[in-house]
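Next come the chains, spelled out residue by residue.
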Amino acid sequence: GEFREILPTAAAKDGRESVLLVSEVVAESGGDGSAKRILKDGRRCIATECSSGRRYVYFVLGADSKLRKGDRTVRMRITYYYTGDNLPSVQYDSAYTGITDEAKHYHSPSPDTIAKPGAKGWNTAVVSCPRACLNGHQNGGSDFRIAGSEDKDVYIADVTIEQE
């Protein structure tokens, strides 16, 4: 079966759900997912490997999640390390119609969704994802992925998701 594990995180609370990391599945099949674990500024995290063509970290909600297979706006809280030029972006499985399957299953909120933080180091971004269906249509059966730019790795320490 597929290798799935919980991203290193504290227990989710206040209606937020933890997510499962599925990048291992995508990376093992020669894909573009990274599951590289590192220690960054004293914190455990998952890092992309852009120089090796692995610029995504893939995630899936638990099978019993109430946020799966719907059409709703969800809010993601992403804790990431900012080096000065490596803003992450989110692409999620959406319920939009009238667009290609690729655009639907890898939908991105507006490009400036994650604003440049005021300082380098660990930051938390809150991303609103309208019409999220999170139905496992991305690589490895994932629901969403966090992307690094073409050549700037991103470092993800925590991701939670909740209905907006």
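It should be noted that the structure appears before, not after, this text.
Now for a quick tour of the structure. (Residues numbered from 1 in each chain as written. Predicted model: local features only at pLDDT ≥ 70, side-chain atom pairs only at ≥ 80, totals over all residues. Heavy atoms only, no water.)

## Quick notes on unusual backbone geometry
What counts here: Every helix listed is a DSSP run of H or I at least four residues long, and every strand listed is a run of E at least two residues long, numbered separately from the N terminus. Partly exposed residues are those whose accessible area sits between 20% and 50% of the maximum for their type, while under 20% is buried and over 50% is exposed, using a 1.4 Å probe and protein chains only.
At Asp-41, a position not held by glycine, the phi torsion is positive, near 50 degrees. In this model, Leu-134 sits at a positive phi of 45 degrees, which is unusual for a non-glycine residue. Within the secondary structure, Leu-134 is located in the loop between strand S9 (121-132) and strand S10 (144-147). Of the residues examined, Leu-134 reaches a relative accessible area of 0% and is grouped as buried.

## As for the packing of aromatic side chains
Here is the rule: Aromatic pairing here means that ring centres of Phe, Tyr or Trp (its six-membered ring) are within 6.5 Å. Orientation follows from the plane angle: under 30 degrees is stacked, over 60 is edge-to-face, and everything else is tilted.
In total, this model carries 4 aromatic pairs according to the counting rule given. With a centroid separation of 6.0 Å and 55 degrees between ring planes, the pair formed by Tyr-56 and Tyr-58 is classed as tilted. Comparing Tyr-56 with Tyr-58, the two get one shared label, buried. Considering the side-chain rings of Phe-59 and Phe-144, the 5.2 Å spacing of their centres and the 20 degrees angle between planes classify their relative orientation as stacked.

## Observations regarding the environment of Asn-86
Rules: In what follows, residue pairs with any heavy atoms lying within 4.5 Å of each other are defined as contacts. For this analysis, a polar contact is any N or O atom pair within 3.5 Å, provided that within protein one partner can donate a hydrogen and the other can accept it, and provided that sequence-adjacent residues contribute only side-chain to side-chain pairs.
Mapped onto the elements of the fold, Asn-86 is located in the loop between strand S7 (72-82) and strand S8 (89-92). Judged by its relative accessible area of 2%, Asn-86 is buried. Along the primary structure Asn-86 and Tyr-155 are separated by 69 residues, whereas in three dimensions their C-alpha atoms are 9.0 Å apart. Sequence-distant contacts of Asn-86, that is, excluding residues within four places in its chain, are made with Tyr-81, Lys-152, Asp-153, Val-154 and Tyr-155. Separated by 3.0 Å, the side chain of Asn-86 and the backbone oxygen of Tyr-81 make a polar contact. In this structure the side chain of Asn-86 is engaged in a polar contact, spanning 2.8 Å, whose partner is the backbone nitrogen of Thr-83.

## Topic: the pattern of salt bridges
A pair can form between side chains of opposite charge whenever their charged atoms are brought close. Going by this rule: Any carboxyl oxygen of Asp or Glu that lies within 4 Å of a side-chain nitrogen of Lys or Arg is treated as forming a salt bridge with it.
Taken as a whole and assessed by the stated rule, the structure comprises 7 salt bridges. Residue Arg-131 is joined to Asp-71 by a salt bridge in which the shortest nitrogen-to-oxygen separation is 2.7 Å. Of this pair, Arg-131 sits in strand S9 while Asp-71 sits in the loop between strand S6 (56-60) and S7, and the two are 60 residues apart along the sequence. Arg-131 sits in the partly exposed class, given a relative accessible area of 30%. A relative accessible area of 42% means that Asp-71 is categorised as partly exposed. With a closest N to O distance of 3.2 Å, Glu-162 and Arg-75 form a salt bridge.

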